[in-house]
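Summary of the model geometry
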Amino acid sequence: MDADEPVRVARELVDAWFPDAVAAILGGSSVTARRTSHSDLDVVVVLAGEREPSRTSLRFGAWPVELFVHTEASWRWFVRREIPRRRSSMLSMCAEGVVILDRDGTGARLRDEARESTAAGPPAATPEEVEDLRYGLSDLLDDLAGCAHAGERLFIVTELARRSCELILLRTGSWQGGGKWLARRVDEVRPGFSAELDGVVREALEGRPARLVGLVDEVLAPSGGRRWEGYRRSGYPGSPAPASHTGP
């Protein structure tokens, strides 16, 4: 694949569909060494004036495209909403992407803001948030110990994998991620963890959970280990939201 093709095609799309755009940024895997034949084009388009923001999935020629259309004001609104969740795909796309159109400096300004916010990291975790994850993992470990049903085991084990990664990222003050990005984020702070997790998850799914249990306990240890007995959350307004139970 021509290394310049994603940028060229994204520019063609913006020129054809958004002749009045003031800026555009191409982000995602297509502009990194992780690009594959299945990579799509993540294109952030910035328009002037008052426009309704939108997200559209489409094809442009042979390329699948995820199109994010914003004004500068709506871009900032979305970013401000995402940052408290510690997971912002918009920041990632713009911080790591390529400015493919910049008529008035907007593209460079948003890219630089995204890089500053990304480098600053997400909000610090509260003790309650860490305890909630400890409780959730502890509850899942108890479920796994008594599980004899392959279908139930599948969901318990995959939840243990996901929440273990989330606790590592929360504890280290790192950005969260979903899907493949969760693996990438956790490997940034603990190299090789996703591969290690893959091995023990496969064993657990075959009914041999010992190594997965050991790894989850290892992840829990720096935060105080398992937390179940005595855990309590109030449902009154202003108090932390109760942690999600693994039951119905």
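Residues numbered from 1 in each chain as written. Predicted model: local features only at pLDDT ≥ 70, side-chain atom pairs only at ≥ 80, totals over all residues. Heavy atoms only, no water.

Moving on, we come to the pattern of salt bridges. In this structure the tally under the stated criterion is 21 salt bridges. Close ionic contact of R86 with E129 constitutes a salt bridge, the shortest N to O distance being 2.8 Å. Here R86, found in the loop between α2 (72-82) and α3 (89-96), pairs with E129, found in helix α5 (residues 127-145); they are 43 residues apart in sequence, far enough to count as distant. For E129, a relative accessible area of 29% puts it in the partly exposed group. Note that R202 is salt-bridged to D198, the shortest N-O span being 3.1 Å. Taken as a pair, R202 and D198 lie in helix α8 (residues 193-205) at a separation of four residues, close to a single helical turn. (Salt bridge = Lys/Arg side-chain N within 4 Å of Asp/Glu carboxyl O. Helix = DSSP H or I, 4+ residues; strand = E, 2+ residues; numbered from the N terminus. Buried < 20%, exposed > 50% of the residue type's maximum accessible area, 1.4 Å probe, protein only.)

Here the largest pocket is characterised by a volume of approximately 590 Å³. Lining the largest pocket we find 23 residues, and of these D42, S89, S92, M93 and W181 sit closest to its centre. Counting residues per element, the ones that place at least two in the lining of the largest pocket are β4 (63-71), α3 and α7 (180-189). A total of five residues in the lining of the largest pocket trace back to one element, the largest contributor, which is α3. (1 Å grid on protein atoms, 1.4 Å probe; cavity = no way out; pocket = protein on both sides within 12 Å on 5 of 7 lines; lining within 4 Å. Points joined across faces, edges and corners; volume = space filled by probe spheres on them.)

Once that is clear, we can look at the sheet that holds strand β5 (residues 98-102). Taken together, the five strands give an open sheet; going across it, the order is β3-β4-β2-β1-β5, and neighbouring strands pair in mixed fashion. Edge strands, defined here as strands with exactly one partner in the open sheet, are β3 (54-60) and β5. For this sheet, the mean inter-axis angle between neighbouring strands, taken without regard to orientation, is 20 degrees. Looking at chain direction, strand β1 (residues 23-27) and strand β2 (residues 41-47) are connected through five bridges and run antiparallel. From the neighbouring strand, A24 faces β2, where its bridge partner is V45. In the packing of α2 onto the sheet, the strands contacted are β2 and β4, and the crossing angle to β4 comes to about 100 degrees. (Pairing = 2+ DSSP bridges. Axes fitted to C-alpha atoms, helices over the stretch in contact; angles between N-to-C directions. Contact = heavy atoms within 4.5 Å.)

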